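# Coordinate analysis (summary)
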Amino acid sequence: MKKPQFIEFPKIGETTLGYITVAEAQHNVPFAIKRVYWTYFTPDAVERGGHAHRELEQIIFAVCGRIDFTLESLDGEYHEFTLEKPNIGLYIPKLYWREIRFSHNAVLLCLASEHYTEADYFRKYEDFKKFSV
Ligand code: TYD
């Protein structure tokens, strides 16, 4: 089973000019990207997530601000990650329950391996924990 982990993306440029970071499917992203979404204006008191995915794999960036993740695997292994550099992505394999907290200015960008379908979600923690592969 794959594990959640940081993936460092190249940071092209220099302080005087600014930077560009590039993600390319099947080069530095380990799946074909079918969907990209971003979230913004999330109040910092709010916790999002509260779900897991059956098949979806993701790489998530904090393009701006800070984003904290608590991930839990099916067998109860916890992982904590903080994203706060725009060239560092967090790879999240399928079947990880996530809770996500944002700084007020955070912009989350997600590269996703599948199109959106509600059928891919576990929205209830008990359903996720009962599932076995
Ligand atoms: P959700 O994945 O639950 O986001 P979060 O964990 O950040 O709260 O999605 C929030 C809502 O947006 C939900 O009603 C489904 C909808 N949505 C789409 O319609 N398409 C998408 O690609 C995504 C990611 C969400």
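Predicted model only: the values in this text are computed from it and were never measured.

The rules behind the values
Residues numbered from 1 in each chain as written. Predicted model: local features only at pLDDT ≥ 70, side-chain atom pairs only at ≥ 80, totals over all residues. Heavy atoms only, no water. Helix = DSSP H or I, 4+ residues; strand = E, 2+ residues; numbered from the N terminus. Buried < 20%, exposed > 50% of the residue type's maximum accessible area, 1.4 Å probe, protein only. Contact = heavy atoms within 4.5 Å. Areas by Shrake-Rupley, 256 points an atom, 1.4 Å probe, with all protein chains shown as cover. Lys, Arg positive; Asp, Glu negative; His and termini not counted. Charge placed at Lys NZ, Arg CZ, Asp CG, Glu CD. Pairing = 2+ DSSP bridges. Axes fitted to C-alpha atoms, helices over the stretch in contact; angles between N-to-C directions. Polar contact = N/O pair within 3.5 Å; in protein donor to acceptor, adjacent residues only side chain to side chain.

In terms of helices and strands, the protein chain carries one helix and twelve strands. In the protein chain, the succession of helices and strands from N to C terminus is β-β-β-β-β-β-β-β-β-β-β-β-α. The burial tally for the protein chain puts 40% of its 133 residues in the buried class. Across the protein chain, contacts joining residues at least 24 apart in sequence account for 76% of those joining residues at least 6 apart. If you sum the accessible surface of the protein chain, you get close to 7,800 Å²; carbon and sulfur atoms cover 55% of it. Across the protein chain, the centroid of the 16 positively charged side chains sits 3 Å from that of the 19 negatively charged ones.

Bringing the sheet that holds strand S9 (residues 88-92) into the picture now. Here we have five strands laid out as an open sheet, ordered S1-S9-S6-S11-S4, and antiparallel in their pairing. The open sheet has two free edges, formed respectively by strand S1 (5-8) and strand S4 (35-39), since each of these has just one partner strand. The sheet shows a mean angle of 25° between the axes of neighbouring strands, taken without regard to direction.

On to the side chain of His 79. Looking at where His 79 falls in the secondary structure, it is placed in strand S8 (residues 78-83). One polar contact links His 79 to Glu 77, side chain to side chain, over a distance of 3.0 Å. Aside from chain neighbours lying at most four places away, what touches His 79 is Pro 4, Phe 69, Thr 70, Leu 71 and Tyr 96.

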